[in-house]
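Reading the structure
Residues per chain are reported as follows:
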Amino acid sequence: MDFALSEEQSAIFDMAHAFGQEQIAPHARRWEAEASIPKDLWPQLADLGFGGLYVSEDSGGSGLSRLDATLVFEALSMACPSVAAFLSIHNMCARMIDSYGSDDLKARVLPQVLSMETVLSYCLTEPSCGSDAAALRTRAERTNDGYILNGSKAFISGGGYSDTYVVMVRTGEDGPRGISAVLVEDGCDGLSFGGLEDKMGWRSQPTRAVQFDDCHVPACNLLGDEGKGFRYAMAGLDGGRLNIAACSLGAAQNALDLTLSYMRERRAFGQSIDQFQALQFRLADMEIELQAARVFLRQAAWKLDTGASDATKFCAMAKKFVTEAGSRIVDQCLQLHGGYGYLGDYGIEKLVRDLRVHQILEGTNEIMRLITAREMLKA
């Protein structure tokens, strides 16, 4: 087995890391305080090919593998996991459009998506559904020229900020087979938003409810076929789970790097605290867990890239393991900083807050366990 990154993959990681350190990290705390990411950041990322990481080259995208994409999100999250995760959402939606959209839809929408003149949000979760996504109630009634949407979506990253929303709606019977996916463009009649959510972490991402009140959507904005939207949404989530795990991985690596630097400088009882064996053991435990998480994530990405029959199971397991490992590591890093870790200036407390939500979104880690167990029993 060859666990080394190729020269091209190393270059992808280095490019993303350099951009993050130069263009994101110096501003991350200010963007968090402002509860918004400047929109002019996205075209800069698109110039690097990050607006359509795994959109096919035939459609104008970068055509990267899922493993390649995890390297981008790992590197960017070392600057700010909130910004990196928002880019992941955009890419998940872009891939859905590329995979399932009609030729006319792709020709009309994808060029602006890839340049990130159009920023995308993903709308699945509803206030009363949560993990039971197939029970969604937002309905799309067919008309002569399209659909009329009524309902609401909750916890939408980019609500009121993004330019287009990929929305899962009910066009037919109860259950997953009655769900379709449509694109709703900002400014559409009947589209509105709730107030800005006051969140624990990911505070630079504006998050709002997205509401539809007799919202008119043209028929040409249907993504793929009626009744297949839930399958499209779930297919997108395998990659989304890898991406969010990569964001945990990068943030945990950043926290550990910051902690090593701090411990070399911080002195107690006549020596730097990195010389205390008990604290060295804690550093070693974090490094072991971090490296195990990295290998597990890349194995799952490889399975998704190669179409392995157990790819969904491995994506779920990696999402659960890596996000929980990331949270444990950043929490331990805060502890090793002592009281200073609780202060914003040291950068650790933000990572603790940002990473906590990774165990909830893209399917809660309880659902990841359920997917894993069902696949085990099926086998």
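First things first, this report covers the structure right here in the doc. (Residues numbered from 1 in each chain as written. Predicted model: local features only at pLDDT ≥ 70, side-chain atom pairs only at ≥ 80, totals over all residues. Heavy atoms only, no water.)

Helix and strand counts for the chain come out as 11 helices and 10 strands. Computed over its C-alpha atoms, the radius of gyration of the chain comes to 21 Å, within 12% of the 21 Å expected for a compact globule of 379 residues. By principal-axis analysis of the C-alpha atoms, the chain measures approximately 80 × 50 × 40 Å. Residues classed as buried in the chain amount to 53% of the 379 residues present. In the chain, the share of contacts with a sequence separation of at least 24, taken over all contacts with a separation of at least 6, comes to 73%. Accessible surface computed for the chain: about 16,500 Å², of which carbon and sulfur atoms make up 50%. Computing the positive centroid from 36 side-chain charges and the negative centroid from 50, the chain places the two 6 Å apart. (Helix = DSSP H or I, 4+ residues; strand = E, 2+ residues; numbered from the N terminus. Rg over C-alpha atoms; globule rule 2.2 N^0.38 Å. Buried < 20%, exposed > 50% of the residue type's maximum accessible area, 1.4 Å probe, protein only. Contact = heavy atoms within 4.5 Å. Areas by Shrake-Rupley, 256 points an atom, 1.4 Å probe, with all protein chains shown as cover. Lys, Arg positive; Asp, Glu negative; His and termini not counted. Charge placed at Lys NZ, Arg CZ, Asp CG, Glu CD.)

Mapped onto the fold, Thr 70 is located in helix H4 (residues 66–77). When its relative accessible area of 1% is taken as the criterion, Thr 70 is described as buried. Reaching out from Thr 70, the side chain makes a polar contact with the backbone oxygen of Leu 67 at a distance of 2.6 Å. Residues in contact with Thr 70, not counting those within four places in the same chain, are Leu 242, Asn 243, Ala 246, Leu 297 and Ala 301. (Polar contact = N/O pair within 3.5 Å; in protein donor to acceptor, adjacent residues only side chain to side chain.)

Right, let's get into the packing of aromatic side chains. Counted by the stated rule, this structure contains 10 aromatic pairs. Aromatic pair Tyr 262 and Tyr 346: ring centres 6.2 Å apart, planes at 85°, arrangement edge-to-face. Linking Tyr 262 in helix H7 (residues 229–265) with Tyr 346 in the loop between helix H9 (311–337) and helix H10 (348–356), this pair joins segments that are 84 residues apart in sequence. A relative accessible area of 33% means that Tyr 346 is categorised as partly exposed. Look at Tyr 340 and Tyr 346: their rings are 5.3 Å apart centre to centre, the planes differ by 45°, and that puts the pair in the tilted class. (Phe/Tyr/Trp six-rings, centres within 6.5 Å; stacked < 30°, edge-to-face > 60°.)

All right, on to the pattern of salt bridges then. Where charged atoms from two side chains of opposite charge come close, those side chains can pair. One pass over the full model with this rule turns up 18 salt bridges. One salt bridge connects Glu 185 with Arg 108, and the closest N-O pair in it is separated by 3.8 Å. Placement of Glu 185 in strand E5 (residues 179–185) and of Arg 108 in helix H6 (residues 103–114) is noted, with a sequence separation of 77 residues between them. The partner of Asp 198 in a salt bridge is Arg 203, with the nearest N and O atoms 2.9 Å apart. (Salt bridge = Lys/Arg side-chain N within 4 Å of Asp/Glu carboxyl O.)

Mapped onto the elements of the fold, Met 116 is located in the loop between H6 and strand E1 (120–123). With relative accessibility at 2%, the residue Met 116 sits in the buried group. Between the C-alpha atoms of Met 116 and Ala 235, which are 119 residues apart in sequence, the distance is 22 Å. Not counting the four nearest positions on each side in its chain, Met 116 is found in contact with Trp 42, Pro 43, Ala 46, Gly 51, Leu 87 and His 90.

The next thing to look at is the layout of surface pockets. Empty space within the largest pocket amounts to approximately 1,300 Å³. When contributions to the lining of the largest pocket are tallied by element, the ones reaching two or more residues are helix H5 (81–100), E1, strand E3 (146–157), H7, H10 and helix H11 (365–378). No other element matches the six residues that H7 contributes to the lining of the largest pocket. Looking at side-chain class alone, the lining of the largest pocket contains 22 nonpolar, nine polar and 10 charged residues. Considered as a void within the structure, the second largest pocket measures approximately 390 Å³ in volume. As for the second largest pocket, its lining consists of 13 residues, of which Asp 2, Phe 3, Arg 298, Gln 299 and Trp 302 are closest to the centre. The leading source of residues in the lining of the second largest pocket is helix H8 (residues 277–306), at six residues. (1 Å grid on protein atoms, 1.4 Å probe; cavity = no way out; pocket = protein on both sides within 12 Å on 5 of 7 lines; lining within 4 Å. Points joined across faces, edges and corners; volume = space filled by probe spheres on them. Nonpolar A, V, L, I, M, F, W, Y, C, P; charged D, E, K, R; others polar.)

To continue, consider the pairing of E3. The sheet contact formed by strand E2 (residues 139–142) and E3 spans four bridges and is antiparallel. When the bridges of E3 are listed, Arg 139 appears paired with Asn 150. Hairpin connection between E2 and E3: a loop of three residues separates the two successive antiparallel strands. Relative to strand E7 (residues 207–218), E3 runs antiparallel, the two being bridged by 10 bridges. If you follow Ile 156 over to E7, its bridge partner there is Arg 208. (Pairing = 2+ DSSP bridges.)

Ile 24, Leu 41, Trp 42 and Leu 76 are the most contacted members of the largest nonpolar core, which totals 72 residues. A per-element tally of this core places H7 first, with 12 residues. If you look at the next biggest cluster of nonpolar residues, it comprises 29 residues, including Leu 114, Leu 120, Tyr 122 and Leu 124. (Core = buried A, V, L, I, M, F, W, Y, C linked by side-chain atoms within 4.5 Å.)

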